[in-house]
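# Descriptive structure summary
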Amino acid sequence: FLPETRLITDFDLPLFPPLRLLSQTDFGLPPSLQPKLRPATKFIPKTELLTLLQGIIAAGNPKELTGIRFDGSKFPMEVTVSEAKTSQGYFYTAHMRDITHRKQAQANLRESEERFRRLSGATFEGIVVHERGHIVDVNTALADLFAWEISELIGGDILEIIEPEYRDLVWA
């Protein structure tokens, strides 16, 4: 059940900044912060909207989709949908979040990790990366130096590959 009069009744201002505004009585917000309410079916046909909402719920929340801004530009967004049955039918609430910055940070991290892998694989020196003494990554040169498999080193204690008499020097 999705009536034609269904309106967007909540909004995230950073996600929808260019929307036109209504009178001050709407949402109890000053005119500069008020959204223009539009039927949800203006953005997507009624049958497709219901299918989309139910699909997101069935697939598990949240779901990543592509949003289209007022100016037509596209952006990655995360959508979480909840459903409630009322005496008038089903009521859906969708929370949408612009995840452009998160996606960019993830891409930057992948690029950085790839550059590190290429660098550490090209060097003849042994390289070990650890977090608080637990080995997170090593290059082939280090594994060869100690005659261990990379898989045997990762997750281990870095002190295991350092002679006991030198451990204090390493942690100094």
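Residues numbered from 1 in each chain as written. Predicted model: local features only at pLDDT ≥ 70, side-chain atom pairs only at ≥ 80, totals over all residues. Heavy atoms only, no water.

### Describing the overall build of the protein
- If you tally the helices and strands in the protein, you get 5 helices and 5 strands.
- Out of the 172 residues belonging to the protein, those deemed buried represent 20%.
- Of the contacts made within the protein by residues no fewer than 6 positions apart, 30% connect residues no fewer than 24 positions apart.
- When the accessible area of the protein is evaluated, it comes to approximately 12300 Å², of which 56% is carbon and sulfur surface. (Helix = DSSP H or I, 4+ residues; strand = E, 2+ residues; numbered from the N terminus. Buried < 20%, exposed > 50% of the residue type's maximum accessible area, 1.4 Å probe, protein only. Contact = heavy atoms within 4.5 Å. Areas by Shrake-Rupley, 256 points an atom, 1.4 Å probe, with all protein chains shown as cover.)

### Observations regarding the sheet that holds strand β2 (residues 74–86)
- Pairing is antiparallel across the open sheet formed by 3 strands, whose spatial order is β1-β2-β3. Single-partner strands in this sheet number two, and they are β1 (63–68) and β3 (89–98). Neighbour-to-neighbour, the strand axes of the sheet open up by a mean angle of 45°, direction not taken into account.
- Sheet topology note: the β2/β3 ladder contains 10 bridges and is antiparallel. Its bridge partner lying in β3, V79 is registered against M96.
- The strands touched by helix α2 (residues 100–122) are β1, β2 and β3; relative to β2, the strand with the most contacts, the crossing angle is about 125°. (Pairing = 2+ DSSP bridges. Axes fitted to C-alpha atoms, helices over the stretch in contact; angles between N-to-C directions.)

### Quick word on the pattern of salt bridges
- A complete count under the given rule lists 4 salt bridges for this structure.
- Across the pair R97 and E78 runs a salt bridge, and its minimum N-O distance is 3.2 Å. A residue pair is termed long-range when its members are at least 10 positions apart, and R97 in strand β3 and E78 in strand β2 qualify at 19 residues.
- Residue classification places R97 among the partly exposed residues on the basis of a relative accessible area of 49%.
- Its salt-bridge partner being R118, residue E114 comes within 3.8 Å of it at the nearest N-O pair. With E114 and R118 both in helix α2, this residue pair falls 4 residues apart, about one helical turn.
- When its relative accessible area of 38% is taken as the criterion, E114 is described as partly exposed.
- Since its relative accessible area comes to 51%, R118 is described here as exposed.
- In the salt-bridge network here, residues are joined through shared partners; they are E78, R97 and R102. (Salt bridge = Lys/Arg side-chain N within 4 Å of Asp/Glu carboxyl O.)

Nothing here speaks to function; it is all geometry.
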